[in-house]
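# Results of the structural survey
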2 protein chains.
Amino acid sequence: MKVTISDVARAANVAKSTVSKVLNDSPKISNETKQRVREIMKQMNYIPSSIATGLARQSSQTVGLLVDMSKESEFLNQFFYNIIGGIESVMGPLGYELTLCNIQHHDAEDHFLNRLVLNQRVDGIIANNSVLTEELAKELDRLNFPYVSIGEMEPAASWVDFDNEAGGRMLTRHLLEQGYCSPAFIGGQRNERIFSRRLSGYLQALKQSGRLVRQDWIVNSQADEHEGYRSALRLLVREDRPDSVVCMTNYTAFGVLKAARELGIEVPGQLGIAAFDEYPLSRYTTPPLTSLNIDTFKLGVTSGQWLMDHIRENCTASRRLLLEPELIVRESTAGPAR
Amino acid sequence: MKVTISDVARAANVAKSTVSKVLNDSPKISNETKQRVREIMKQMNYIPSSIATGLARQSSQTVGLLVDMSKESEFLNQFFYNIIGGIESVMGPLGYELTLCNIQHHDAEDHFLNRLVLNQRVDGIIANNSVLTEELAKELDRLNFPYVSIGEMEPAASWVDFDNEAGGRMLTRHLLEQGYCSPAFIGGQRNERIFSRRLSGYLQALKQSGRLVRQDWIVNSQADEHEGYRSALRLLVREDRPDSVVCMTNYTAFGVLKAARELGIEVPGQLGIAAFDEYPLSRYTTPPLTSLNIDTFKLGVTSGQWLMDHIRENCTASRRLLLEPELIVRESTAGPAR
DNA sequence: TTGTAGGCGTTATCAG
DNA sequence: CTGATAACGCCTACAA
């Protein structure tokens, strides 16, 4: 059926091992032999079986991408495509395949640890930090198994993330520089690390410019449209309302916009709005949103490179990357009316 | 290092083959032995190597997902996540992994055919029709290799798609029913199959209701914001302008909205707008867009199921699914002002 | 420089 | 029911 290394060897009148060495371009084989064997391989349409190679080499030439497909509004969901693209752009040329693993419905027995790692289906793992808990990370460390986290983790691990704190500072500072005096912060759950980072940047910017922080202007809620809307409604009907808002997500911002429109509050004249993330809405709201763009492709590339270093043991030290976001200024923060 | 089947066999005082049979729950093994061996496997933390199993069984328990990651505005891009989720929901429980393969930068030698198929890295393939050309499909047929296309293909192949023609009819009819008399069609390239399907639905609806078709109201262009905008500007300044538009994509519609706003044309009062696709903008434009939603998860589920049938040879016949889209009525088609 | 033999961790086919 | 033994297709000493 399928042509194997033995077939080629027979046809070329050499030993299997010779063919194998040709395959791996061993320097111990004469050029003539290489030429000849390669010729025959081509003629016979020989393609080595990666399963057999994997078994012999004890490596699958595959990396696993852990995703929780249950979470619709997942970080990975939005940036999935770019991040994967970045990872692939470094793994692909090196001959590695990418395997997607949904960690959602697998119970203990069928856990990805068994399913992929101990299984030897993958040589390394990339996962975001909502999936790769610190407990799992410890286990991988114990097994000395290569992995990189997308999203901040505890110091022991290698991870790449974008600088949420800087992002919070940038959005807030931008509002202040535009002449807004009293920015609020809407969206996000207290216990989420990403929220606390973003909020912390907001607080830093306020303090650095000597403004006072008003706790009642920091609103925790789901980072979606509905909650953004509700939060904004409550906040904006008050006498002493903020003159601008930093929003956790595009959707939060959309909700805030809607509330402002209903209350007859003009954006940006009476309310400035700046939001995290550039996708999917910032360009398309009315008015368009000032927001933060992040180079998700680069996030993928870096995590891929580091994982490769890990796998090839060029570098097993834990590293971290904090990618600086880019401020995209649009109409929603054009400045308060005087 | 790693514990193998031999280790278990030794510890249990049985033959490797016995352990293997226990692993596969062969009926030829006594329950006592099964119990005992399983116990020991658990104690020793034995996990079978899927590579070895693959080699022995000549199957990788993996399916390949072909994607062209270069195309940013790719169909798959937008719906990627849901489709993959659907595929995984059927493959995962059956013990199959998903492997992503970027077909973009691989040249002839490094083609996915070699890289995945002939390689035996995957047991089957799912790809969308922009990636899986008919030429490739023929080759796979020749190899008798299981695959399913996401998106219409020639009759010989199995494919799932949503009914673009019906979609075109639904949007157009809806406009007419709302009282708009003269809908235009904006966006899409003549040579794209998806465009011709959608357009054809539009034409059908017009003819069925006895309206005349105006070729100059069918505008070909990139299906993005900019081109939607430009096309709409040209169309809407004319004396005999259409009173409504069917848009190829969300982005096209956004461009049209922008043009209308600039020209002072009210939506929906003076211009009705209906658009294909529900993501990412339809809910968030001003006014929100009437659009078509499709069950992308189901697209994934079906393609996964069919591929499994193919792999297991339950059913190798070629099948096709045309998923009916769902009309989501929103403000943008509320009806013309009288 | 090339060939021989054994191993990678399973499954499958027979005997017993 | 259980156990040898030979695949599966490739790699890697070590020997020639």
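Source: prediction; values computed, not measured. (Residues numbered from 1 in each chain as written. Chains lettered and ligands numbered in written order. Predicted model: local features only at pLDDT ≥ 70, side-chain atom pairs only at ≥ 80, totals over all residues. Heavy atoms only, no water.)

What follows covers the overall build of chain A. Helix and strand counts for chain A come out as 12 helices and 12 strands. For 338 residues, the compact-globule formula gives about 20 Å, and the C-alpha radius of gyration of chain A, at 26 Å, lies well above that figure. In terms of its C-alpha atoms, chain A occupies a principal-axis envelope of roughly 90 × 40 × 35 Å. Residues counted as buried form 56% of the 338 residues belonging to chain A. (Helix = DSSP H or I, 4+ residues; strand = E, 2+ residues; numbered from the N terminus. Rg over C-alpha atoms; globule rule 2.2 N^0.38 Å. Buried < 20%, exposed > 50% of the residue type's maximum accessible area, 1.4 Å probe, protein only.)

Screw-axis analysis of chain B against chain A gives a translation of 0.0 Å along the axis, an RMSD of 0.1 Å, and a rotation angle of 180 degrees. With respect to symmetry, the two chain copies, as superposed, fit the operation of a two-fold axis. Closest to the rotation axis within chain B is the C-alpha of Thr-99 of chain B, separated from it by 2.1 Å. Of all interface residues in chain B, 100% are interface residues in chain A too; the two copies therefore contact each other through one and the same surface. (Least-squares fit on C-alpha atoms with pLDDT ≥ 70 in both. Contact = heavy atoms within 4.5 Å.)

Attention shifts here to the protein's contact with DNA strand C. Near DNA strand C lie 30 residues; those nearest to it are Ser-17, Thr-18 and Thr-33 of chain A together with Ile-5 and Ser-20 of chain B. A breakdown of the atoms of DNA strand C within 4 Å of the protein gives sugar and phosphate a share of 63%. Among the secondary structure elements, those contributing two or more residues to the surface near DNA strand C are helix H2 (16–23) and helix H4 (50–57) of chain A together with helix H2 (16–23) and helix H4 (50–57) of chain B. Looking at the surface near DNA strand C residue by residue, the class counts come to 13 nonpolar, 12 polar and 5 charged. (Near = heavy atom within 4 Å. Nonpolar A, V, L, I, M, F, W, Y, C, P; charged D, E, K, R; others polar.)

Another aspect to go through is the domain arrangement of chain A. Splitting chain A by domain gives domain 1 (1–46) and domain 2 (164–294 + 327–333). Look at where the C-alpha atoms of domain 1 of chain A and domain 2 of chain A centre, and you get two points 64 Å apart. (Domains from an automatic or database assignment.)

Glancing now at the interface of chain B and chain A. Taken together, the 56 residues of chain B in the interface contact 56 residues of chain A. Carbon and sulfur atoms make up 57% of the area that chain B and chain A hide from each other, which totals about 4,600 Å². Our count for the chain B to chain A interface comes out at 2 salt bridges. Note that Glu-225 of chain B and Arg-283 of chain A form a salt bridge whose closest N and O atoms lie 2.9 Å from each other. Between chain B and chain A we count 18 residue pairs in polar contact (both at pLDDT 80 or more) in total. At the level of elements, H4, strand E1 (62–67), helix H5 (75–91), strand E2 (97–102), helix H6 (112–118) and helix H11 (250–263) of chain B are the ones that each hand at least two residues to the side of chain B that touches chain A. Looking at the side of chain B that touches chain A, the element that brings in the most residues is H5 of chain B, giving 7 residues. When its residues are assigned to classes, the side of chain B that touches chain A shows 22 nonpolar, 20 polar and 14 charged. Examined bridge by bridge, strand E2 (residues 97–102) of chain A and E2 of chain B share 3 bridges and lie antiparallel to one another. The residue of E2 of chain B that forms the bridge with Leu-100 of chain A is Leu-98 of chain B. (Buried area = accessible area lost by both parts, 1.4 Å probe. Salt bridge = Lys/Arg side-chain N within 4 Å of Asp/Glu carboxyl O. Polar contact = N/O pair within 3.5 Å; in protein donor to acceptor, adjacent residues only side chain to side chain. Pairing = 2+ DSSP bridges.)

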